[in-house]
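# Structure assessment
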Amino acid sequence: MSKFKKRLIALAASAALAAGSMVAVQSANAATGSNCNLKSKATNAQCDLFIFGALHRVTSLDATAPGSGGYTESQMSYIVGGLLYRFDADGVPRRDLVEKETISADKKTITLQLRSIKYSDGTALTSADVVAAFDRWTSTKQSASYIEPVDSMKASGADTVVLTLKRPYPDFRFALAQQFLTIHPADKVSTVEKRTAYFKAPVSAGPMMVKTFTPGTDLFVAVANPNYWAKPVVKELRVVTIPDGNTRLAAFQAGDIDYAMELPLNASKVNWDKTKFRVGGEMDSGTFMLAFNMGAKQPNEALKVAKVRQAISLAVDRAGIMRTAFANLAKPNCGMQFNYNNQYYLCSLPKDGKRDTAAARKLLKEAGYPNGFKVTMLVPNRLFWQDAAQVVKDNLRAVGIDVTIEMVTPDSNISIPINTKRDWEMMWFGNNAATPILQLSNWFKSGGVWQLNANIPDATIAETGKLLSEAAASESSAVIKEKLAAVEKIAYDLSIFIPIGTRFYLSGSKLANNLVEALLPGQLQFVVTTIPALPKD
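As the structure is a computational prediction, the values presented were derived from the model and not from experiment. (Residues numbered from 1 in each chain as written. Predicted model: local features only at pLDDT ≥ 70, side-chain atom pairs only at ≥ 80, totals over all residues. Heavy atoms only, no water.)

## Section: the packing of aromatic side chains
In this structure the tally under the stated criterion is 26 aromatic pairs. Measuring from ring centre to ring centre gives 6.0 Å for Y85 and F172, while their planes differ by 85°; the resulting arrangement is edge-to-face. Placement of the pair is Y85 in strand β2 (residues 85-87) and F172 in helix α4 (residues 172-176), with a sequence separation of 87 residues. Residue classification places F172 among the buried residues on the basis of a relative accessible area of 3%. When the ring of F252 is compared with that of F277, the centres are 5.1 Å apart and the planes differ by 75°; the resulting orientation is edge-to-face. Of the two residues, F252 is situated in helix α6 (residues 245-254) and F277 in the loop between β12 (259-260) and β13 (278-292); the sequence distance between them amounts to 25 residues. Accessibility assignment for this pair places F252 and F277 in one class, buried. Through a chain of ring-to-ring contacts, three or more aromatic side chains come together here, namely F288, F326, F384, W385, W428, F429, W443, F444, W450, F497 and F504. Positioned above the aromatic ring of W229 is the side chain of R115, whose terminal nitrogen or guanidinium carbon lies 3.8 Å from the ring centre. (Phe/Tyr/Trp six-rings, centres within 6.5 Å; stacked < 30°, edge-to-face > 60°. Helix = DSSP H or I, 4+ residues; strand = E, 2+ residues; numbered from the N terminus. Buried < 20%, exposed > 50% of the residue type's maximum accessible area, 1.4 Å probe, protein only. Lys NZ or Arg CZ within 6 Å of the ring centre and 35° of its normal.)

## Considerations on the side chain of S313
By the element assignment, S313 lies in helix α7 (residues 306-315). The class for S313 is buried, based on a relative accessible area of 5%.

## Focus on the state of the cysteines
Taken as a whole and assessed by the stated rule, the structure comprises two disulfides. Between C36 and C47 runs a disulfide, and the two sulfur atoms are separated by 1.9 Å. When the S-S torsion is 95°, as for the bridge of C36 with C47, the disulfide is right-handed. You can see C36 sitting in the loop between α1 (3-18) and β1 (47-54) and its partner C47 sitting in strand β1, a full eleven residues away along the chain. Each disulfide pairs two cysteine sulfurs, and for C334 the partner residue is C347, the sulfurs being separated by 1.8 Å. Measuring the twist about the S-S bond at about -55°, one finds the C334-C347 disulfide to be left-handed. Placement of C334 in the loop between α8 (318-326) and α9 (357-366) and of C347 in the loop between α8 and α9 is noted, with a sequence separation of 13 residues between them. Counting its disulfide-bonded cysteines in sequence order, the chain shows a connectivity of 1-2, 3-4. (Disulfide = S-S within 2.5 Å.)

## Considerations on the side chain of T464
Looking at the element boundaries, T464 is found in helix α14 (residues 462-473). Here I461 takes part through its backbone oxygen, which lies 3.0 Å from a polar atom of the side chain of T464. Among residues more than four places away in sequence, those in contact with T464 are F444, V487 and I490. (Polar contact = N/O pair within 3.5 Å; in protein donor to acceptor, adjacent residues only side chain to side chain. Contact = heavy atoms within 4.5 Å.)

In structure tokens, the structure reads:
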């Protein structure tokens, strides 16, 4: 057993000592490298080794066929895959493997000329590989709403791809920068059997390439890809799985890891040496929510009634949830969209989302449930979420709704009731996306991830889907705001999803901001800054 593994076991045994107390950090090891610290700049940083303490094990590097590794495997698939556009640290999609972009006058044809680049094994990346990646994404129907405006993608010679759009799509770069479009050799991924073998040791056209990977184990290692067009600021990224939050905190304090995306709330009470550590809340472009199953296997008759779901929305104390479970590090929501850095955010809930138990009881009575009912709420076992669920339970008890909380451990097992059994009742979760239009499309457009998760019939969201398509095709802020406001009105009428507050994480790093870390807002992608940086045009 390695010294590192032994130390983690010891830390796990003593983690409770760190929880809930004022801990003074005496010392910590630094990430290794000639310029790898809090003062490093994007133009000169150089880390030999950087260690990420992650919640999940990496079980798959095929972003179109995820395993049980949650966001961690999505993040790692992102940095070891080629991308046409890649999110920079500010969440802006930049040209990565695209050398030149040309948009037609009617904005419905996009021609992309590719860089001359080779995979990490020396073979050439071609337009056929790009088209194959796009076809694989469309065939899986994952987040299909993101690429619904794309009619086709075709190769034009070995180094050019052409997208034909159904309508103008100003945000197309945000869609093409998703992890679902990671590019791999077409001939290696053309069948299920080939993909299964290939993704055990894939080649890379991204900034990093795989060094050590055994699916489902506690260690994943990526190293700089020498054939990438730019030089990553880190030579080796080591991902170690530490499922327990307090153990991650102890490992971060001890210097055994350099970065943690999710730390427990007591980390905010630590007396950190600010010359070596940066710890703080990271806002996500997402919304914590209560979601309801609208499928045929929904076992709870009460939850099939819109007035009941609206009553639940009125009964929850959003401010109390964000205060109790999240220490007010993020704000409550009075609308569906994420409320951080979003010009289109608006309050669409009655009474601006403030609690009104009298109105909730009135709706329950009108719906035929004056004495309430029983409901089971699934909650993925993530930091802060159990505390939030307890507040929801207490809130709903006040209007006669008896909530049984079922924690899902590990949190990635939530895919079983969502995708396999489909018989869940109510759930605490979150919905995040790069833009407000894409976020609302997740919920209210055919092919959206949460439209599918909640088993919503296409007919139910036909009107919202049309409004979102119109918003996505527009470059007018006024038009977009009008369309999204109309969507949000319908969203409350349906109340299939009840917004609670903006998603956030308490993160810690020993490296300067925006160099090597999860993309926040975003969470499903990972940033490895390069020299030179992604082009800003």
